[in-house]
Amino acid sequence: FCVKYLGYSDESAARRIQAARLLRELPELETKIETGEISLSVAAQAQRFFYSEMKTQNKVYSKEQKQDILVSLENKSSREVEKELLKISPQALPQEKIRQVTDEHQVLQMILDQDLVKEFEKLKSWLSHKIPHASHQNLIREALKIANQELRKKKLGSEKTKAENPVPVTHS
């Protein structure tokens, strides 16, 4: 209905539907949406969060808990809201995934902790002479190439050692 008759995009319609579901349970939220304290996007994010928590964690928030969470989300951007919701439930981190976008390309989505980001920056620094202004893709490609070479050397080295020093056969 929202797409076909009202002319909304799929994403815009989905936001409105999610916000409407939350409004059905918390009608007082309407005023906050009207005044701009909570945007439709934030209301939809909150509703998706509550639904996801119920489905994945079997956690059901009471009306009062939802109201408290929504107060903490007032006047925040979508990114700020995402951070706030992840503080409440770190299990809600997006899942790693690879999605095909062309015949030759995929999008890789993954969550990096701060230590891994630091390691990534170190790698970028180490490779800056070889790959100046490297993209993440180029850095990952080079790191994997180096890792595979090192692992190959170790594997072949251990196989060579086994061939040079066979295990003695004992006869009983």
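You'll find the structure just up there.
Scoring rules and cut-offs
- Residues numbered from 1 in each chain as written.
- Predicted model: local features only at pLDDT ≥ 70, side-chain atom pairs only at ≥ 80, totals over all residues.
- Heavy atoms only, no water.
- Core = buried A, V, L, I, M, F, W, Y, C linked by side-chain atoms within 4.5 Å.
- Buried < 20%, exposed > 50% of the residue type's maximum accessible area, 1.4 Å probe, protein only.
- Helix = DSSP H or I, 4+ residues; strand = E, 2+ residues; numbered from the N terminus.
- Contact = heavy atoms within 4.5 Å.
- Salt bridge = Lys/Arg side-chain N within 4 Å of Asp/Glu carboxyl O.
- Phe/Tyr/Trp six-rings, centres within 6.5 Å; stacked < 30°, edge-to-face > 60°.

Side note on the nonpolar core
Counting 16 residues, the largest nonpolar core has Leu 22, Leu 29, Phe 50, Leu 70 and Leu 73 as the members making the most contacts within it. Looking at this core, the elements with two or more residues in it are α1 (10-25), α3 (40-57), α4 (63-73) and α5 (78-88). Broken down by element, the residue count for this core peaks at five residues, all from α3. In contact with Leu 73, not counting residues within four places along its chain, are Ile 38, Val 42, Ala 46, Val 81, Glu 84 and Leu 85. By size, the runner-up hydrophobic cluster in this structure holds five residues, among which are Phe 120, Ile 131, Ala 134 and Leu 139.

Some points on the pattern of salt bridges
Per the counting criterion, the structure on display carries six salt bridges. Notably, a salt bridge pairs Lys 66 with Glu 25, separated by 2.6 Å at the nearest N-O pair. One end of the pair, Lys 66, is in helix α4; the other, Glu 25, is in helix α1, with 41 residues separating them in the sequence. By relative accessible area, which is 9% here, Lys 66 ends up buried. Of the charged contacts in the structure, one is a salt bridge between Glu 74 and Lys 32, with a shortest N-O distance of 2.2 Å. Note that Glu 74 is positioned in the loop between α4 and α5 and Lys 32 in helix α2 (residues 29-35), a separation of 42 residues in sequence. You can call Glu 74 buried: its relative accessible area is 16%.

Things to note about unusual backbone geometry
Note: most residues except glycine have negative phi, and most peptide bonds are trans. Positive phi is not limited to glycine here, since Asn 58 has a value of about 55°. Its place among the elements puts Asn 58 in the loop between α3 and α4. Positive phi, close to 55°, is recorded for His 133, a residue that is not glycine. Mapped onto the fold, His 133 is located in the loop between α6 (114-126) and α7 (136-164). Residue classification places His 133 among the exposed residues on the basis of a relative accessible area of 82%.

Some words on the packing of aromatic side chains
In the structure shown here, the tally under the stated rule is three aromatic pairs. Ring plane angle 40° and centroid distance 5.8 Å describe the contact between Phe 49 and Tyr 61, whose orientation is recorded as tilted. Of this pair, Phe 49 sits in helix α3 while Tyr 61 sits in the loop between α3 and α4, placing them twelve residues apart in sequence. Each member of the pair Phe 49 and Tyr 61 is classed as buried. The interplanar angle of 55° and the centroid separation of 5.4 Å between the aromatic rings of Phe 50 and Tyr 61 together place this pair among those described as tilted. One end of the pair, Phe 50, is in helix α3; the other, Tyr 61, is in the loop between α3 and α4, and eleven residues separate them in sequence. Across this residue pair, the class does not change: Phe 50 and Tyr 61 are buried. Ring-pair connections join several aromatic residues into one group, and the members of that group are Phe 49, Phe 50 and Tyr 61.

Scope: geometric values only; no functional claims are made or implied.
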